[in-house]
Structures are given as C-alpha cells and as structure tokens.
Amino acid sequence: MGFTCGIVGLPNVGKSTLFNAITAAGAEAANYPFCTIDPNVGVVTVPDNRVDRLVALYSPAKIVASTLEFVDIAGLVKGASKGEGLGNQFLSHIRSVDAIAHVVRCFDDANVVHVDGTVNPKRDIEVVETELILKDLETVEKKTSDAERRAKTGDKKPKEEAEFYVRLKEHLSGGRLARYMELRNDDERLWIRDTHLLTDKPVMYVCNVHESELSGENDYVMQVREIAGKEGAEVAVVSAAVEAEVAELPEAEQDHFLEHLGLKESGLSQVIREGYALLHLITFFTAGPKEVHAWTVSKGATAPQAAGVIHSDFEKGFIRAEIIKYQDLNRLGSETAVKEAGLLHVEGKEYVVEDGDVVYFRFNV
C-alpha cells in the first residue's frame, strides 16, 4: 500500500466524478448536491514505469505494484456539523487516512450548480476547514472527558493529558487547524497523533478546472496556490471531466489522448506524485524471477526499516542489503551486467534507502 487518501470538498466540485475516473469504482455522480450517500472506497495501482521495466528484465511469475486507497465522502456544506447536508456524518470514515485531498472547484459553468451560488475557492476552502475543525472539536471533547475521568484517580499523567486537550480545544475553537498547534513535548505529540484529528493531517488541494484551462492557470487556481503556499500544502491541477474521458479509453490509447491535450501525465499520476511528496514517501523494489514488488517507505528510512516493511523478521535479523540502482539496471539491461560493472553495492544498517533502489535483503532469524 502506498498511502490512503480521504477526498473532501463541497458538493458539486467534481469529487465523485474525479473519484470515479481514478478508481473506476462507479460511485454515483450527478449535477445536484449530496449524490454520494455512503462513503466510497477505491483502490488504484500506482502508475510506475519502473515496474514495467523490471518486469521486462526479470519476467517474474508475480507482479505486485504499490496501491493507493481513496475514500470519498458526501460533500460538506456550511452547517454540516449541525446536521446540514450529509457529509459530516461520514467524516469518521477518513479519520485513519494518511492524507486529505481537498477538491476545490476552479471553473465557471452555469450548467453546474454551485451550492453557494458562486465560485470562490477561498470561501469554499474555509467552509470545509470549519466543518473539519468542528468535527475535531467533537473528538477532543470526548478525549477531554475521558482524561478528566482518569485524572480523578490522582495520577499525574492523565491530569496533564486533560490539560493538553483543554488547550487543544481552545486552539481549535479559535478557528485554527490542529497541525499548527505548538506541541511542547513527546507526550503531547503522542496524544495528538493518537487522536487522529482531521485537521492534523497533511492536505493536498486538487483544483478541478475546465479542460480548456489545463495548460495554464486561472485566477481560481492562483488563489488556491496562495493558500497552499501559506500552509505548506501541495497542489494538483486536474480536470475531472478529462479524467473521466481517459478512464473510459483502452489503456493503450490513454497516453495518446493525453498527448493530444498537451498533457504529460494523467490527473491520477499528478495526485499520486503530489501525495508522495506531501507525505515524504519513496519507492524501492525487490525483483527476481519469482516476483517484482514495489514497496513504499518514508524518505530517510534505513535499510533495516525498509526490510521491516516487507516482514518484521527481516528487520530483526537484518545482516546487510545488496543494492542495485534502478538507473544502472535500466541502462545495463541485466543484474549480471550490473555486477560485472562493479555497481552492486553491499550496505549495512546505516544505509538510507533511496527512491528506485532494487534491494536484496540478507537476514538471519
């Protein structure tokens, strides 16, 4: 699994159309609010040309590419936390995701209704963020009550935890996202992590534009980029309508269609690329005649940590990692040629795995 991504946004911004296109999951999409009644989940394969090349070189019996899970919920509206619309009741479904993709409408179209009457990315983002904050306040209220109950035993730690939640509640009540709260020590970092707050998750803005504006950036997109710049968020610019067309084409024709539109990659590829950057993730590979497998780890992971992604025993009994750089393997055309060129690297526990490494782990349990 690469990562899981929750999709949020106002109704009629193109969330479900985009979700359908990139997951081929068939979620209902229509030109009226609240057409997504239940949260939809779709799993997609992470496109990676390196996997295709490794398959060509090793002819494996099995191929395992990285995957990405999308969770799409009903559109949020102002007042969702008080029962307006349907989105708020499903927010709990994205509490465990790694990141949030916030789809923002960045196109004008009189035929597509906007829930607030006009297109205004800044206002729309604020509406959704407010509802996320209000949902988080519900969670913090419960956490506070639980910690205060445990503090009655006289233990110091529950009392400190309760005081932290009170401070967190004040922070959220001021309209500020949880990820901007100053954390004073490791305990507070642990408490906020275990609370799984929606506003503590990394956010990627997905600007949904008209097909004719994919090659440039309109004023709406620039507004989103300005907000993202202040937040340290990533931005992907896609056309949900184009993605829907691409999804209906045979795979062999998709690249040609994108080239015809002047696009180097699909919206899905862009969302995944920005998501990996947002979460500081990289991909390494294990490859052989039995299997070619793409693995996802955090940037900066050591060889034993990467081995642990495959199996905990690999990390516990780690001896060494035999590393081939994908670029060398691709250029020379075989593992044998790489070894003959002296480009097989034997690394120990301190080695930091790099994106594209093809690794063979030696371990002893």
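Treat the numbers as computed from the prediction; the structure is a model and nothing was measured.

**Student:** Quick rundown of the pairing of strand β8 (residues 281-287)? Include the residues and the values.
**Tutor:** Most of β8 sits out of view: six of its seven residues are buried. Across seven bridges, the pairing between β8 and strand β9 (residues 291-298) is antiparallel. In the strand pairing of β9, Ile282 is matched with Val297. The turn joining β8 and β9, which pair antiparallel and follow one another in sequence, is formed by three residues.

**Student:** Would you mind going over a negative patch on the surface in detail, with residue names and values included?
**Tutor:** On the surface, Asp52, Glu251, Asp255 and Glu259 cluster together to form a negatively charged patch. For Asp255, the position within the fold is in helix α8 (residues 251-260).

**Student:** Kindly report on the packing of helix α3 (residues 121-151) against helix α6 (residues 219-231), identifying the contributing residues and their values.
**Tutor:** It is at 9 Å that the axes of α3 and α6 come closest, and there the two elements cross at 45°. The orientation of α3 relative to α6 falls into the category oblique. Contacts between α3 and α6 involve Pro121, Lys122, Ile125 and Glu129 from the former and Tyr220, Gln223, Val224, Ile227 and Glu231 from the latter. Broken down by class, the residue content of the contact of α3 with α6 amounts to five nonpolar, one polar and three charged.

**Student:** How would you sum up the nonpolar core? Please name residues and give values.
**Tutor:** In this structure, Leu68, Phe70, Ile94, Cys106, Tyr205 and Val206 are the most contacted members of the largest nonpolar core, which totals 60 residues. Considering every element that reaches this core, the biggest residue donor is helix α9 (residues 267-279), with six residues. For Tyr205, the residues in contact, after removing those within four places along its chain, are His102, Val104, Ile125, Glu129, Val224, Ile227, Ala228, Glu231, Ala233, Glu234, Val235 and Ala236.

**Student:** So what's going on with the packing of aromatic side chains? Residues and values would help.
**Tutor:** One pass over the full model with this rule turns up seven aromatic pairs. Measuring from ring centre to ring centre gives 6.5 Å for Phe284 and Trp295, while their planes differ by 20°; the resulting arrangement is stacked. With Phe284 in strand β8 and Trp295 in strand β9, this residue pair connects regions lying 11 residues apart in the sequence. By relative accessible area, Phe284 is classed as buried at 0%. An aromatic cluster is defined as three or more aromatic residues linked by ring pairs; in this entry it consists of Phe284, Trp295, Phe318 and Phe361. Here the guanidinium or amino end of Arg105 rests over the ring plane of Phe107, the centre of that ring lying 4.4 Å away.

**Student:** Outline helix α1 (residues 15-23), supporting the account with residue identities and numerical values.
**Tutor:** Counting buried positions along α1 yields eight of nine residues, so the element is predominantly enclosed. Among all positions of α1, only Lys15, Ser16, Leu18, Phe19, Asn20, Ala21, Ile22 and Thr23 are buried.

**Student:** Break down the environment of Ala241 for me, with residues and values.
**Tutor:** Relative to the assigned elements, Ala241 resides in helix α7 (residues 240-248). Residues Ala241 and His293, spaced 52 residues apart in sequence, show a C-alpha to C-alpha distance of 32 Å.

**Student:** Mind laying out unusual backbone geometry, listing which residues take part and the relevant values?
**Tutor:** Even without a glycine there, the phi angle at Asn12 is positive, about 65°. Tracing the chain through its elements places Asn12 in the loop between β1 (3-8) and α1. The phi dihedral of His280 falls on the positive side, at around 55°, and the residue is not glycine. Considering the arrangement of structural elements, one finds His280 in the loop between α9 and β8.

Parameters and conventions
Residues numbered from 1 in each chain as written. Predicted model: local features only at pLDDT ≥ 70, side-chain atom pairs only at ≥ 80, totals over all residues. Heavy atoms only, no water. Buried < 20%, exposed > 50% of the residue type's maximum accessible area, 1.4 Å probe, protein only. Helix = DSSP H or I, 4+ residues; strand = E, 2+ residues; numbered from the N terminus. Pairing = 2+ DSSP bridges. Patch = residues over 30% accessible without salt bridge, like charges linked within 9 Å, V, L, I, M, F, W, Y side chains within 5 Å. Areas by Shrake-Rupley, 256 points an atom, 1.4 Å probe, with all protein chains shown as cover. Salt bridge = Lys/Arg side-chain N within 4 Å of Asp/Glu carboxyl O. Lys, Arg positive; Asp, Glu negative; His and termini not counted. Charge placed at Lys NZ, Arg CZ, Asp CG, Glu CD. Axes fitted to C-alpha atoms, helices over the stretch in contact; angles between N-to-C directions. Parallel < 35°, antiparallel > 145°, perpendicular 65-115°, else oblique. Contact = heavy atoms within 4.5 Å. Nonpolar A, V, L, I, M, F, W, Y, C, P; charged D, E, K, R; others polar. Core = buried A, V, L, I, M, F, W, Y, C linked by side-chain atoms within 4.5 Å. Phe/Tyr/Trp six-rings, centres within 6.5 Å; stacked < 30°, edge-to-face > 60°. Lys NZ or Arg CZ within 6 Å of the ring centre and 35° of its normal.

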